[in-house]
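Each chain, written out:
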Amino acid sequence: MAMFIDLYTEADTFLHRMDPRVKVVSILLLSLLAFLVTNLYSLLVLLAFIFLLLFLSRATLSRTLFALKFVVRFMLLIVILWPLFDPTGTPVLATLGPVKITEPAIWRGVTSAVRVGCLATVWYILMFTTSQRDLVRALVKMGVRFDFGLALAISLRFLPTFGALIENIKDAQRARGLELGKGGLLKRSKNYVAVLVPTIVSALRTADTLALALQSRAYGARADRTYLRDLTMRAADYASLGVVIAIFALPMIARFVFDIGI
Amino acid sequence: MIPSPIPEESRQKIISVSDLKYVYEGGVQALNGVNLKVSKGEYLAIVGGNGSGKTTLAKSLNGLLKPTSGTVLVAGRSTIGLRVAELARIVGYAFQNPDHQLFCATVEEEVRFGPTNLGYPEEVTAAKVEKAIEAMSLGRLRKEPPLSLRLGERRRVSIASVLAMDPEVIILDEPTTGLDAEEAAELMARLRMFNDDGRTVVLITHDMKLVAEHARRVVVLANGRVSLDSDPRGAFSDLDLIRQSNLEPPAVTLLSHRFAEYGMPQDIISPEEFVLHLLRQRGGI
């Protein structure tokens, strides 16, 4: 019952073929850019570019929305809550007791929501086009210790497993008449013990088994690891990296050299 | 050894599923028009290969999953309007992995959890807990922490914790997985007693030997539909259909098919029957 799925989807697009190192660097640069850009219109341009990449990676809209549905809810929450807690700026549109709604605050809320949208989408593209194996290989190649890479790979691999496990445990306890959302705060936290204990116990049992499985395959027997598949940069990878660096650098030059607001 | 089917019309329907479809979030269609009526007191096995929709169907029967379309009536009421906790009084569900249910400090507390949630008065709860502990012969272990027990014992605790809610129907998902032959036989004997008590047992399993020995009715699921609904004898005589559903008939049934040319009947489902026919043919009886 694949309620939780690995985001990676096999396909043959230039983003899928791209060297994972280039993808990681690109995603980092684009994320950084999303933080440095303060102007809503520039952010929208960035979002449009990211959506173009999404389109090129052949992610269907329905799958993307399904994967990002919590992000979309989070964005709505930002748009709604920001003006309520940010009373600065003029003109003031409405005053409700201590709450002051101002026009700039509304725009700041929208800007932050778009920024979150940019970040989520750009990372979604990375996860959508890069298998976890490639991702870890890239990180290790970029200097991350193999142990950490493996730990990361295992965590990523088991996230959906534990998601499904928790759902199953919730179902198992609901079948015993447990109603998680019912009662006061104390009763509710008590209810969650019935989910938490089996989750932790099952997780520990899984971890134990996994450690044995790793050892039985001689994990750590050699300090210098060899790899079945190595990563090589191709011309297209250098070109892509160049394009992304340019996309990152141009607004930076505009801002810090020519003092143009971005 | 082989229980004879009780005439269906003489009994009351406890579960009535019509044209049930279920689509998971994300688009996987697990059930595609299931029709199934279960009467009180039946011993039913739902079988099918992996991904055939067994677990989805089972979760629909106690309201954990609500139909995408179609209806599931439990004791005459649609599951759509009922909470899982309300349905738990009628349909108990013991999950495959007992470790997904056990969390209390002692076996007794564990068994008590369900009836307490259902809000029975204390003396009723106590009585139900006692009955369940006895039914799964856990008296000796009642003060033990359930998580430190052996798998067979943990499975019995998890089943007792469902029995303690005193349901009309109990659904068991692969109850014998990981048990040795003796533990499995003991568990199945205890379930038989529960069934003899007039309660309904729904077994979800891959194990055709278990089905042949215990169930009175077999429902085969394939691709989210009921592909066969019959007594075990009828079900296993159609080898092709069973195999198309990614199942393997009991070894003794396969053996009887090998002996077809020597006049062995094709609907043998127990070793006793096989021996009986063999002796009969040789003039031994």
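Preceding block: the structure.
Below, the structure is looked at part by part. (Residues numbered from 1 in each chain as written. Chains lettered and ligands numbered in written order. Predicted model: local features only at pLDDT ≥ 70, side-chain atom pairs only at ≥ 80, totals over all residues. Heavy atoms only, no water.)

1. A word on the overall build of chain B
Stage number 1. Looking only at helices and strands, chain B features 11 helices and 10 strands.
Stage number 2. Against the 2.2 N^0.38 benchmark of 19 Å for 285 residues, chain B shows a C-alpha radius of gyration of 20 Å, consistent with a compact globule.
Stage number 3. Each of the three principal axes of chain B carries a C-alpha extent, and together these read 60 × 45 × 35 Å.
Stage number 4. Long-range contacts, defined here as pairs at least 24 residues apart, represent 63% of the contacts in chain B between residues at least 6 apart.
Stage number 5. Accessible surface for chain B amounts to roughly 12,100 Å². Of this, 51% is attributable to carbon and sulfur atoms. (Helix = DSSP H or I, 4+ residues; strand = E, 2+ residues; numbered from the N terminus. Rg over C-alpha atoms; globule rule 2.2 N^0.38 Å. Contact = heavy atoms within 4.5 Å. Areas by Shrake-Rupley, 256 points an atom, 1.4 Å probe, with all protein chains shown as cover.)

2. Regarding the sheet that holds strand E4 (residues 69-74) of chain B
Residue and element names in this part refer to chain B.
Stage number 1. Spatial ordering of the open sheet is given by E2-E1-E4-E5, a layout of 4 strands whose pairing is antiparallel. Among the strands making up the open sheet, the edge pair consists of strand E2 (29-39) and strand E5 (77-78).
Stage number 2. Two elements, E4 and E5, share 2 bridges in a ladder whose sense is antiparallel. Looking at E5, one finds that Val-74 is bridged to Arg-77.
Stage number 3. Lying over the sheet, helix H1 (residues 54-61) contacts strand E1 (13-23), E2 and E4, oriented at roughly 55° with respect to E2. (Pairing = 2+ DSSP bridges. Axes fitted to C-alpha atoms, helices over the stretch in contact; angles between N-to-C directions.)

3. Looking at the pairing of strand E7 (residues 169-173) of chain B
Residue and element names in this part refer to chain B.
Stage number 1. Burial of E7 is extensive: 5 of the 5 residues sit out of reach of the surface.
Stage number 2. On E7, burial covers both faces: Val-169, Ile-171 and Asp-173 on one face and Ile-170 and Leu-172 on the other are all buried.
Stage number 3. One ladder, built from 4 bridges, connects strand E6 (residues 91-94) with E7; its direction is parallel. Bridge pairing in E7 links Ala-94 to Leu-172.
Stage number 4. Pairing analysis gives 5 bridges linking E7 to strand E8 (residues 200-205), with the strands arranged parallel. (Buried < 20%, exposed > 50% of the residue type's maximum accessible area, 1.4 Å probe, protein only.)

4. Some words on the sheet that holds strand E9 (residues 217-222) of chain B
All names here are of chain B.
Stage number 1. Read across the sheet, 6 strands follow the order E6-E7-E8-E3-E9-E10 without closing on themselves; strand pairing throughout is mixed. The open sheet has two edge strands with one neighbour each: E6 and strand E10 (225-230). Direction aside, the axes of adjacent strands within the sheet are offset by 20° on average.
Stage number 2. Most of the contacts of H1 go to E6, to which it runs at about 140°, and overall it touches strand E3 (43-47), E6, E7, E8 and E9.

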